[in-house]
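Survey of secondary and tertiary structure
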Amino acid sequence: MTANKERVQHPRKKFAYDDIPSKPATEPPLPTSDAARNHVPNPYCNSKLTHEKIAAIRAKATNPTPPNIDFAQPSDTYPESFPHFVRGRDSVREYITSLFTSRIAIYDGAMGTMIQNYAKRNRLEEEEYRGDRFANWKCNMKGNNDQLSITQPHIISGIYREYLEVGGSDLIGTNTFSSTTIAMADYEMEDYVYELNYEGARLAREACDEVTAKDPTKPRFVVGAIGPTNRTGSISPSVEDPSARNVTFDELVEAYFEQIVALMDGGSDILMVETIFDTLNAKAALYAVGEYLEFSGLDIPVFVSGTLVDQSGRTLSGQTGEAFYASIRHAKPMCVGLNCALGANHMVPFVEKLANCVECFLHVYSNAGLPNAMGGYDETPDMMAIQNKVFFENGWLNMVGGCCGSTPPHIKAIREMSEGYKPRKLPDVGRPKMWLSGLEDLVVDDVHNHLGLPFLNVGERCNISGSIRFKKLMMAGDYGTAMDIAKKQVEDGAHVIDINVDDGMLDGLAAMQKFVKIAVTEPEVAKVPFMLDASKFEIVLAGLKWCQGKCIVNSISLKVGEELFKEQATLLKKHGCAVVVMAFDEEGQAATEDEKVRICKRSYDILVNEVHFPPEDIIFDPNVLTIGTGMEEHANYGVDFINATKTIKEICPYVKISGGISNLSFGFRGVMKIRESIHSVFLQHAILESGMDVGIVNAHEMIAYEDLASDMKELCENLVFNKTPDATDDMLERTSYERACIDAKKKGLAMPRKPRGKVMNVPRLEFDYDRVPPKPATEPPL
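Below is a summary of the structure that appears in this document. The residue numbering used here restarts from 1 in each chain and proceeds along that chain's sequence as written. It should be noted that, the model being predicted, local features are given only for residues of pLDDT at least 70 and side-chain atom pairs only at 80 or more, the latter also being counted only at that level, while totals for whole chains, interfaces and linings use all residues. To get the side-chain values, take all heavy atoms of the structure and skip hydrogens and water.

With that out of the way, let us pick up the nonpolar core. Within the largest apolar cluster, 225 residues are counted, with the highest numbers of intra-cluster contacts made by L171 and F682. Ranked by residue count, the leading element in this core is helix α10 (residues 249-265), at 11 residues. Residues count as neighbours in contact if any of their non-hydrogen atoms are within 4.5 Å of one another. Setting aside its immediate chain neighbours within four residues, L171 contacts I96, F100, A105, I106, Y107, D108, F221, V223, I270, F303 and M399. In these notes, a set of buried Ala, Val, Leu, Ile, Met, Phe, Trp, Tyr and Cys residues joined through side-chain atoms within 4.5 Å is what counts as a nonpolar core. When a residue's accessible area, from a 1.4 Å probe over protein chains only, is under 20% of the maximum for its type it is buried; when over 50% it is exposed; and in between it is partly exposed. Counting 17 residues, the second largest nonpolar core, distinct from the first, contains M434, V447, I552 and I619. Only DSSP runs of H or I with at least four residues qualify as helices, and only runs of E with at least two residues qualify as strands; both kinds are numbered from the N terminus onward.

Printed below as a string of structure tokens:
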């Protein structure tokens, strides 16, 4: 490996699309559905949504009478155009954009605090929680606040109205924070989840409509609240077994989907995935939202709110705020922000970081300070308003509210403090970039590796085909030691860890899942994004469902046929990952420059135009093939790859180009110096001249181009660029010498004599008079 020293950072090769200037944003990034792109109003006629999965959930409803699920209003209910709003006539997305760009909108405050305050003034014990309907329930129900939407609806309706009338909230969240089958299992209320969500939303809908009717210039909106559940997909419940989990991604998706159907049937305008302490749970919720939107064909704005648990600025599952956003931005949330855990003053540095990177609207609803010794909150309305002032002064927010400890008077004070301040301006729309995440975020287009090259090092050593040691550990089930290999790669300069457990003697599905589940609990490994690598699609998909960050999947290709290719790409798009696309099609592997370009362009057009896959999240692998084999048809493989890379980058805007670099020098295996020298020359040209971005490498062994000896550099240049017919033979001779040196060193013998190599004629230095053209002679020299 080249010794660590300060390296000049080489500029990235630019293409025409890199210089397109940024332009002002008119709205947050849109989902790719036609309804969202065209701002199609939600008709609020949910009875017309008859997809079998939606119908199956309604069929399980426990509502005593068939619920009304249609909430459209006559189009002439209120005047046309902002600030008025009529359901079924107007687009919620358009209205929220107008609201959030004209002033700082007001969300509500804590539901739990208000229920506790009610209980201080009124009787609210087990009997009241049960009500008449559940008087003989089999377990205790006190503390199940969501249950009050059914048994004590007047309490919940009263709280909604207080936030609307006293607090002045533009939007209120439904009393459904724990209304999933997973969370309701604590009360054995799983069967009542549809009813809990429906009633929570219906009561909010009624309250909003009543208050809106009093002042139609200030419409009020229902935000369907989707909590985190009481289980985590990323964190083991067992100290002894880091791979243990008490919930799966698919179980979370199923639970969230049921909640979403009922929230929408109850009249919600917006969906909010909130209080996210584990981003994997949030990804499952957003996946479920995506399924609902696909089945319904509706455009429903989605808000997402993360929770940073302490002053480290990380979620409970270890992600930074920026990594959290990078992990969920594929869902195209309309508004993102932070809530709970901290008071406003503690959130300031983290909100500022999000304000500097979030592409959509931004919100905060903090606690009323930190809890006191009794678990209560001491900030008064005026104190909480003052703590939030910094957000308004800096122009960081589009929406503000309160969480634990806040009440309608707190929201009123915050609202009054926010008046007169402008909302956050959406950032300009510029060149799209690949934005990955582990526990920390990584913008691939801004990366330089340890050698100063604009290149993403993907560590190859957690790959069974890339490391004999890793293979032995996986076969032995020694995952702990295998994690040490992953840690070492990160220490040595890998930006991303490639994980491949393909072997005929190993259960790849089980091994991939176990490795990933353990890896995400190791901070020194999990801080970088993962590349999930397998020959079988179901294996990478299984691994993907245990990753809270934004991963790369390696790989898909057209060799499975166009339909399956589109199906796989669509599924990966829903999960929000980047993807490696191999230059294979139905006819086989691309070897020549023309074939590499043709297959990649065809794949690009399908992915971007038909699947609507983000082009910046596509990584083409045009196949790094082995040179120096002695076969004439292999001699130009290096040239073909480098030339194809440049053309693909030119005709497929924003894509990345990758390759398995070790393939190039496979014919010289056993002599690392030779192999890494070949790689150094190849990468220098492929990266700086053609724009290659990514490679699966052993970062520890990489050699800087400028550190190569001149004779070695010449041998490699001749081989990589197929400059001379003897290039392979010359390199084989040098390989024999290097191997002999290794043997001599092992045995303590004298070093062998270095091959002299060919004597190259060096051109003579020319001066101006050497270039004077000859002229016709008129006589002999005099």
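Okay, the environment of A284 next. Tracing the backbone through its elements, the reader meets A284 in helix α11 (residues 279-296). Using a relative accessible area of 0% as the deciding quantity, one classes A284 as buried.

What follows concerns the pairing of strand β4 (residues 270-276). Buried residues dominate β4, accounting for 7 of its 7 residues. Strand pairing is defined by DSSP finding a minimum of two bridges between the two strands. Strand direction decides the pairing type here: β4 and strand β5 (residues 302-306), joined by 4 bridges, are parallel. Across the sheet, the residue bridging to V273 is V304, located in β5.

A few words on a nonpolar patch on the surface. Two distance rules govern patches: like charges are joined within 9 Å, and nonpolar side chains (Val, Leu, Ile, Met, Phe, Trp, Tyr) within 5 Å, applied only to residues with over 30% relative accessible area and no salt bridge. In this description, accessible areas are obtained by the Shrake-Rupley approach with a 1.4 Å probe, and a residue is regarded as covered only by the protein chains that are shown. Take a side-chain nitrogen of Lys or Arg and a carboxyl oxygen of Asp or Glu: if they are within 4 Å of each other, that pair is a salt bridge. Taken together, the side chains of L765, F767, Y769 and V772 make up a nonpolar region of the molecular surface, amounting to roughly 480 Å² of accessible area. Topologically, Y769 is positioned in the segment after α26 (727-747). With relative accessibility at 60%, the residue Y769 sits in the exposed group.

Another aspect to go through is the sheet that holds β4. The 8 strands are arranged β1-β8-β7-β6-β5-β4-β3-β2 in an open sheet whose pairing can be described as parallel. Whereas interior strands pair on both sides, the edge strands pair on one side only; in this sheet they are β1 (105-106) and β2 (171-173). In terms of strand pairing, β2 meets strand β3 (residues 221-226) through 3 bridges, oriented parallel. Note on β3: the bridge partner recorded for L171 is F221. Here, axes are lines fitted to C-alpha atoms. For helices the fit covers the stretch in contact, and angles between N-to-C directions go from 0 to 180 degrees. Sitting on the sheet, helix α3 (residues 92-102) is in contact with β1, β2, β3, β4, β5, β6 (335-343), β7 (361-367) and β8 (399-402), with an inclination near 70° to β7. Against the sheet, helix α14 (residues 381-393) engages β7 and β8, with an angle of about 160° to β7.

Below, the discussion takes up the sheet that holds strand β14 (residues 552-556). One open sheet holds the 8 strands; their spatial order is β19-β18-β15-β14-β13-β12-β11-β20, and the pairing between them is parallel. Pairing within the sheet leaves two strands with one partner each, and these edge strands are β19 (656-657) and β20 (694-697). Examined bridge by bridge, strand β11 (residues 456-459) and β20 share 4 bridges and lie parallel to one another. Counterpart to N457 in the pairing with β20 is G695.

The next thing to look at is the packing of aromatic side chains. Here a ring pair, both rings aromatic, is described through the centre-centre distance and the interplanar angle of the planes. Any two rings among Phe, Tyr and Trp, with Trp reduced to its six-membered ring, count as a pair given centres within 6.5 Å; such a pair is stacked if its planes are under 30 degrees apart, edge-to-face if over 60, and tilted if neither. Applying the stated criterion across every chain, the model contains 22 aromatic pairs. With 5.5 Å between their ring centres and 85° between their planes, F134 and W137 make a pair best called edge-to-face. The pair formed by F134 and W137 is uniform in burial state, with each residue classed as buried. Consider the rings of W137 and Y192, whose centres lie 5.7 Å apart with planes at 80°: the pair is edge-to-face. Taken as a pair, W137 in the loop between α5 (126-130) and α6 (148-151) and Y192 in the loop between α8 (181-184) and α9 (193-214) lie far apart in primary sequence, 55 residues in all. When sorted by exposure, W137 lands in the same class as Y192, which is buried. Aromatic ring contacts, followed pair by pair, group F82, F85, Y95 and F221 into a single cluster. By definition, being over a ring means that NZ of Lys or CZ of Arg is both within 6 Å of the ring centre and within 35 degrees of the ring normal. The ring of W137 carries K138 above its face, with NZ or CZ at 5.1 Å from the centroid. The ring centre of F666 lies 4.4 Å from the NZ or CZ of R669, which sits over that ring.

Let us now look at the pattern of salt bridges. Evaluation of the coordinates by the stated rule reveals 57 salt bridges. Residue D18 pairs with R431 through a salt bridge whose shortest N-O separation is 2.4 Å. Here D18, found in the segment before α1 (34-37), pairs with R431, found in the loop between α15 (408-418) and β9 (435-437); they are 413 residues apart in sequence, far enough to count as distant. Relative accessible area serves as the criterion here: at 18%, D18 is assigned to the buried category. With a relative accessible area of 23%, R431 lands in the partly exposed category. Note that D299 is salt-bridged to R93, the shortest N-O span being 2.7 Å.

With that out of the way, let us pick up unusual backbone geometry. With omega at 15°, the peptide bond leading from F82 into P83 counts as cis. As for its position among the elements, P83 is in the loop between α2 (52-59) and α3. A cis geometry characterises the amide bond from N554 onward to S555, with omega recorded as 15°. For S555, the location among the structural elements is in strand β14. Look at T229: it is not a glycine, yet its phi comes out positive at around 70°. According to the relative accessible area criterion, T229 is buried, its value standing at 10%.

Where empty space is left becomes clear once a probe the size of a water molecule has been rolled over the atoms. Grid points spaced at 1 Å and placed over the protein atoms alone form the basis of the search, with a cavity being a set where a 1.4 Å probe fits but cannot get out and a pocket an open set showing protein on both sides within 12 Å along at least five of seven lines. Lining residues have an atom within 4 Å of a point. Grid points are joined across faces, edges and corners, and a volume is the space filled by probe spheres set on the points. Going through the model one piece at a time under the given rule, you end up with 4 cavities of 30 Å³ or more. Of the voids in this model, the largest cavity is the one considered here, and its volume is about 100 Å³. Every residue along the wall of the largest cavity is listed here: S437, G438, L439, V520, A526, V528, P529, F530, C547, Q548, G549 and C551. Along the lines of polarity and charge, the residues of the lining of the largest cavity split into 8 nonpolar, 4 polar and no charged. Approximately 80 Å³ is the volume found for the second largest cavity. In this structure, the second largest cavity is lined by Q73, Y78, F85, R87, R205, D209, T212, P219, R220, F221 and D269. For the lining of the second largest cavity, the element with the highest residue contribution is α9, accounting for 3 residues. In this classification, Asp, Glu, Lys and Arg are treated as charged, Ala, Val, Leu, Ile, Met, Phe, Trp, Tyr, Cys and Pro as nonpolar, and every other residue, Gly included, as polar.

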